[in-house]
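Observations on the three-dimensional arrangement
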Number of protein chains: 2
Amino acid sequence: MEFVTNPTEIEDKSFEMISELLGDRQFDPANLNVIKRVIHTSADFDYADNLVFSENAVAIGKEALKNGANIVTDTQMGRSGINKAALQKLGCVTHCFIDSPEVAEIAKETGQTRARTAVDRAIETLEKPIIFVVGNAPTALIRLYENIVEKGFKPDLIIAVPVGFVNVVESKELILELDIPHIVARGRKGGSNVAAAICNALLYETAGRD
Amino acid sequence: MEFVTNPTEIEDKSFEMISELLGDRQFDPANLNVIKRVIHTSADFDYADNLVFSENAVAIGKEALKNGANIVTDTQMGRSGINKAALQKLGCVTHCFIDSPEVAEIAKETGQTRARTAVDRAIETLEKPIIFVVGNAPTALIRLYENIVEKGFKPDLIIAVPVGFVNVVESKELILELDIPHIVARGRKGGSNVAAAICNALLYETAGRD
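A quick note: this is a predicted structure, and the numbers were derived from the prediction, not measured. (Residues numbered from 1 in each chain as written. Chains lettered and ligands numbered in written order. Predicted model: local features only at pLDDT ≥ 70, side-chain atom pairs only at ≥ 80, totals over all residues. Heavy atoms only, no water.)

**Side note on the sheet that holds strand β2 (residues 70-73) of chain B**
Residue and element names in this part refer to chain B. The criterion, for reference: Here the rule is simple: two strands pair whenever DSSP picks up at least two bridges between them. Strands are runs of DSSP state E lasting at least two residues, helices are runs of H or I lasting at least four, and both sets are numbered from the N terminus onward. Note on method: axes are straight lines fitted to C-alpha atoms, helices fitted across the in-contact stretch only, with angles between N-to-C directions ranging 0 to 180 degrees.
Pairing is mixed across the open sheet formed by six strands, whose spatial order is β1-β6-β5-β4-β2-β3. Edge positions in the open sheet fall to β1 (51-53) and β3 (93-95), since each of these has one partner strand only. Across the sheet, the mean angle from the axis of one strand to that of its neighbour is 15°, orientation sign disregarded. By the bridge criterion, three bridges tie β2 to β3 in an arrangement that is parallel. Bridge assignment links I71 to a residue of β3, and that residue is T94.

**Observations concerning unusual backbone geometry**
Residue and element names in this part refer to chain A. Between K128 and the following residue, P129, the backbone shows a cis peptide bond with an omega angle of 0°. Inspection of the secondary structure assignment puts P129 in the loop between α8 (114-125) and β4 (130-134). The phi torsion at N167 lies on the positive side, around 70°, for a residue other than glycine. By the element assignment, N167 lies in the loop between β5 (157-160) and α10 (168-177).

**Here's the deal with the interface of chain B and chain A**
Where we set the bar: Pairs of residues are marked as contacts when any of their non-hydrogen atoms sit within 4.5 Å. The term buried area means the drop in 1.4 Å probe accessible area that two parts suffer when joined, counted for both and summed. Basic side-chain nitrogens of Lys or Arg form a salt bridge, by our definition, when they fall within 4 Å of a carboxyl oxygen of Asp or Glu. Contacts described as polar in this section are N or O atom pairs within 3.5 Å, which, within protein, must combine one atom able to donate a hydrogen with one able to accept it, while residues neighboring in sequence count only if both atoms come from side chains. Under this grouping Gly is polar, as are all residues other than the nonpolar Ala, Val, Leu, Ile, Met, Phe, Trp, Tyr, Cys and Pro and the charged Asp, Glu, Lys and Arg.
Counting residues at the interface gives 37 residues for chain B, matched by 37 residues for chain A. Interface of chain B and chain A: buried area, both sides summed, is about 3000 Å²; carbon and sulfur atoms make up 74% of it. The residue D44 of chain A makes a salt bridge to K189 of chain B at a minimum N-O spacing of 4.0 Å. Our count for the chain B to chain A interface comes out at two residue pairs in polar contact (both at pLDDT 80 or more). Listed by contribution, the elements that provide at least two residues to the side of chain B that touches chain A are α1 (7-22), α2 (29-42), α5 (76-80), α9 (138-151), α10 (168-177) and α11 (192-207) of chain B. Element by element, the count of residues in the side of chain B that touches chain A is highest for α1 of chain B, at six residues. Grouping the constituent residues of the side of chain B that touches chain A by class yields 17 nonpolar, 15 polar and five charged.

**With respect to the nonpolar core**
Going by this rule: Only buried Ala, Val, Leu, Ile, Met, Phe, Trp, Tyr and Cys residues count toward a nonpolar core, and they belong to the same one when joined by side-chain atoms within 4.5 Å. Categorising residues by exposure relies on relative accessible area from a 1.4 Å probe, with only protein chains included: less than 20% of the type maximum marks a residue as buried, more than 50% marks it as exposed, and the intermediate range marks it as partly exposed.
Counting residues in each nonpolar core, the largest one holds 88 residues, and the members touching the most others are L65, I159 and I198 of chain A together with L65, I159 and I198 of chain B. Residues contacting I198 of chain B, with those up to four places away along its chain left out, are V34, V38, L51, I159, V161 and I183 of chain B.

**Focus: helix α11 (residues 192-207) of chain A**
Residues and elements named next belong to chain A. Put simply, the rule reads: In this analysis, the expected span of each helix is defined as 1.5 Å times one less than the number of residues it contains.
Here α11 spans 22 Å end to end across 16 residues, near enough to the 22 Å set by a 1.5 Å rise per residue. Across the 16 residues of α11, 15 count as buried, placing the element largely inside the fold. At the exit of α11 stands G208, carrying a positive phi of roughly 85°.

**Some details on the relation of the copies chain B and chain A**
To keep it simple, the criterion reads: Copies are brought into register by a least-squares superposition over C-alpha atoms of residues with pLDDT of at least 70 in both.
With an axial shift of 0.0 Å and an RMSD of 0.0 Å, the rotation relating chain B to chain A amounts to 180°. In symmetry terms, the pair is related by a two-fold rotation axis. Nearest to the rotation axis, the C-alpha of M77 of chain B is located 2.7 Å from it, this being the minimum over chain B. Both copies contact each other with a shared surface, as 100% of the interface residues of chain B are interface residues in chain A too.

**Some thoughts on the pairing of β4 of chain A**
Residues and elements named next belong to chain A. Selection rule: By definition, the crossover connecting two strands over a helix is right-handed if that path, from the first strand to the second, turns clockwise as seen with the strands pointing away from the viewer.
The buried fraction of β4 amounts to five of the five residues, a majority that puts the element mostly inside the structure. The two faces of β4 match: I130, F132 and V134 on one face and I131 and V133 on the other face are all buried. Two elements, β4 and β5, share four bridges in a ladder whose sense is parallel. Looking across to β5, one finds that V134 is bridged to A160. Crossover β4 to β5 through helix α9 (residues 138-151) is right-handed.

**Some words on the side chain of N31 of chain A**
Here N31 of chain A is to be found in helix α2 (residues 29-42). Residue contacts for N31 of chain A: discarding those within four places in its chain leaves F53 and V58 of chain A.

**Focus: the side chain of R121 of chain B**
Residues and elements named next belong to chain B. Of note, R121 is situated in helix α8 (residues 114-125). The exposure class of R121 is buried, given its relative accessible area of 15%. Beyond its immediate stretch of four places on either side in the chain, R121 contacts F97, E102, V103 and I106.

**Structural notes on the sheet that holds β5 of chain A**
One key point about sheets: their strands pair by backbone hydrogen bonds, in either a parallel or an antiparallel sense. Residue and element names in this part refer to chain A. Sheet architecture is open: six strands sit in the order β1-β6-β5-β4-β2-β3, paired in mixed fashion. Each edge of the open sheet carries a strand with a single partner, namely β1 (51-53) and β3 (93-95). Adjacent strand axes in the sheet meet at a mean angle of 15° when their direction is disregarded. On the sheet, α9 packs against β4 and β5 and is oriented at approximately 155° with respect to β5.

**Points about the confidence of the model for chain A**
Quick note on the threshold: The pLDDT value expresses, per residue, how confident the predictor is, ranging between 0 and 100.
Across chain A, the average pLDDT comes to 95, with 99% of residues at 70 or higher. The ipTM assigned to the predicted complex is 0.91, against a pTM of 0.94.

**Brief notes about the pattern of salt bridges**
A full pass over the atoms with the stated rule returns 29 salt bridges over all chains. With its nearest N and O atoms 2.7 Å apart, the salt bridge here joins E102 of chain B to R121 of chain B. Taken together, the residues E102 of chain B in helix α7 (residues 101-110) and R121 of chain B in helix α8 connect sequence positions 19 residues apart. Put simply, E146 of chain B and R143 of chain B hold a salt bridge, and the shortest N to O gap is 2.7 Å. Within this pair, E146 of chain B and its partner R143 of chain B are both found in helix α9, separated by three residues, close to a single helical turn. Both residues of the pair, E146 of chain B and R143 of chain B, belong to the buried class. Through salt bridges with shared partners, a single network forms among D44, D46 and K189 of chain A together with D44, D46 and K189 of chain B.

See the structure below:
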């Protein structure tokens with residue numbers, strides 16, 4: 001059997017196939033790369049319908065990355081899926097507070113969940129530009145929403161794509177209400193892989209694809 | 001808005017909803033937990049049709065885990081999605097060779113891809129029981145296939161769930177041909193998240209769910 005083995009060639013060919021399979025569908029050209037990269041990472045064309053972009057979300061995200069954004073993920077899995085070469089090129093840094101002993105301690109003291117405490121710690125300790133990349137925990141989105149509505153916190157971009165059956169749809173609808181730049185996978189679908197793919201699409205558009 | 005926040009309660013409720021949504025469909029009871037956990041991680045019911053289990057694959061995988069298996073992933077993302085508490089309880093260890101400087105060096109010397117070299121290094125350096133968990137690289141499956149067919153290598157279990165558009169379907173069909181225990185997501189779908197979910201389903205059945 002003959003296989004294409006050059007990674008660049010594989011990725012190019014994959015994106016061509018995705019374009020073909022999307023057929024005549026029309027998308028905002030600014031969002032197309034993100035949509036295609038999510039389909040590339042999931043082989044799931046539902047994302048052509050599910051992904052919701054607030055006005056200029058992609059441009060705003062790229063601007064934040066160009067300025068060396070702090071990128072906060074809710075899981076180590078999401079964090080580990082974000083391309084390290086592109087991060088380094090732009091001087092961006094990823095953070096995930098969920099496993100930090102400090103967060104565990106504060107969560108224990110306050111009786112909050114670790115996902116909520118992790119959001120608070122990120123907001124308290126990191127400087128802007130700041131992008132939240134949430135692929136797993138609806139409670140992370142809920143806590144972000146509270147910080148935004150109650151305390152006037154303004155992240156540069158929220159990538160809101162938790163997956164699942166409980167609280168997930170509702171937590172994403174909360175983010176859609178906000179006047180904060182966002183990219184949301186409406187409905188049940190999403191995941192840490194989808195979160196990382198969206199972040200990578202923005203990174204590659206900003207830093208180039210090596 | 002009222003949200004369920006207890007993680008165990010959320011997981012239990014999610015699995016109830018998945019059971020309801022699967023309706024009257026019949027599955028081999030041995031495979032049901034794996035199928036449900038993959039749907040839980042993707043919210044994608046296509047996996048009820050896509051997942052193919054060789055005879056007793058789940059029981060064989062659990063036996064390997066009980067004996068402190070070496071678990072080899074093709075990506076750091078897949079590795080980071082595997083539950084650490086369950087691994088520790090069973091004395092299992094995860095490995096991912098893709099980023100190792102040694103693999104990079106050998107790949108350079110031999111002109112092979114890193115994914116192929118990483119499979120060879122795992123086979124050369126790790127003892128059985130050994131489980132391969134492949135969520136990304138078709139070339140890792142192809143190299144595994146070659147080691148099995150040409151060199152008589154016998155892994156205890158292969159979880160073969162790369163996602164994508166190039167080489168992916170074909171590489172999974174190769175594994176389906178083999179007389180080696182396997183769990184395969186037939187077709188284009190899969191991913192590191194799906195790979196980790198399958199591994200976790202087996203881990204939780206073996207170690208319990210904390």
